[in-house]
Amino acid sequence: EEQACSYCPTMTFQQRISGCILFMTLGFLISMGSTFRLLELLKGNPEPFAIAYSIGNVLGICSTCFLYGPWTQFKKMFAPTRMVSTAVYLFFLGLTLFLAFYPRDIPLRLVFLAISILLQFLALVWYTLSFVPFARDIVKKFIQAHCCKNCFAVQDEDSWI
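Below is a short write-up of the structure. (Residues numbered from 1 in each chain as written. Predicted model: local features only at pLDDT ≥ 70, side-chain atom pairs only at ≥ 80, totals over all residues. Heavy atoms only, no water.)

A word on the overall build of the chain
Counting secondary structure elements, the chain contains nine helices and zero strands. When the helices and strands of the chain are read in sequence order from the N terminus, they spell out α-α-α-α-α-α-α-α-α. By the burial criterion, 34% of the 161 residues in the chain qualify as buried. As presented, the chain carries roughly 10,300 Å² of accessible surface, and 72% of it is formed by carbon and sulfur atoms. (Helix = DSSP H or I, 4+ residues; strand = E, 2+ residues; numbered from the N terminus. Buried < 20%, exposed > 50% of the residue type's maximum accessible area, 1.4 Å probe, protein only. Areas by Shrake-Rupley, 256 points an atom, 1.4 Å probe, with all protein chains shown as cover.)

Structural data, given as structure tokens:
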């Protein structure tokens, strides 16, 4: 709480909690609201969907700045346990927006955009799981047991995932 107070000295703890909940809710609503733009995406107009989806995700990530402060949030995002998922998330966030706005024709743009959006979502989920103790281990064990027997067999605790 003390670190966040240095960034938002006039905000009470309750105001910071409210700001976090507000940004997280707005981010969720905007991201989910982007699904109403899927038809436009399929018709070849990806901008409305990509913008809404990406802005919603960014608002969700920024919501914790109210709790920790921006610098601490930045450090948490690039901590060793989250560095790869953060980098992958930011890369696909940028790629999603690039594919949506690049003015020239890109063969299979919608396919690449769909893949980029999916990987952006998966990276965000993996990043979010890093804040829940043992959540990644549980997900890895579930995937290994039910989907991919050899996916995580070689990797150890210090692996990139």
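Don't stop here, the text continues.
Observations regarding the packing of aromatic side chains
Applying the stated rule across the entire model yields six aromatic pairs. On the numbers, 5.7 Å between centres and 10° between planes, the contact of Phe-49 with Tyr-53 is stacked. Here Tyr-53 and Phe-49 lie together in helix 4 (residues 47-62), a separation of four residues that amounts to about one turn. In this structure Phe-49 comes out as buried when scored by relative accessible area, which is 6%. We classify Tyr-53 as buried; its relative accessible area is 8%. (Phe/Tyr/Trp six-rings, centres within 6.5 Å; stacked < 30°, edge-to-face > 60°.)

Description of unusual backbone geometry
Notably, Leu-108 is not glycine yet its phi reads approximately 60°, a positive angle. Along the chain, Leu-108 turns up in the loop between helix 7 (83-101) and helix 8 (109-129). Classification of Leu-108 by relative accessible area gives exposed; the value is 57%.

Just geometry here; none of it tells us what the structure is for.
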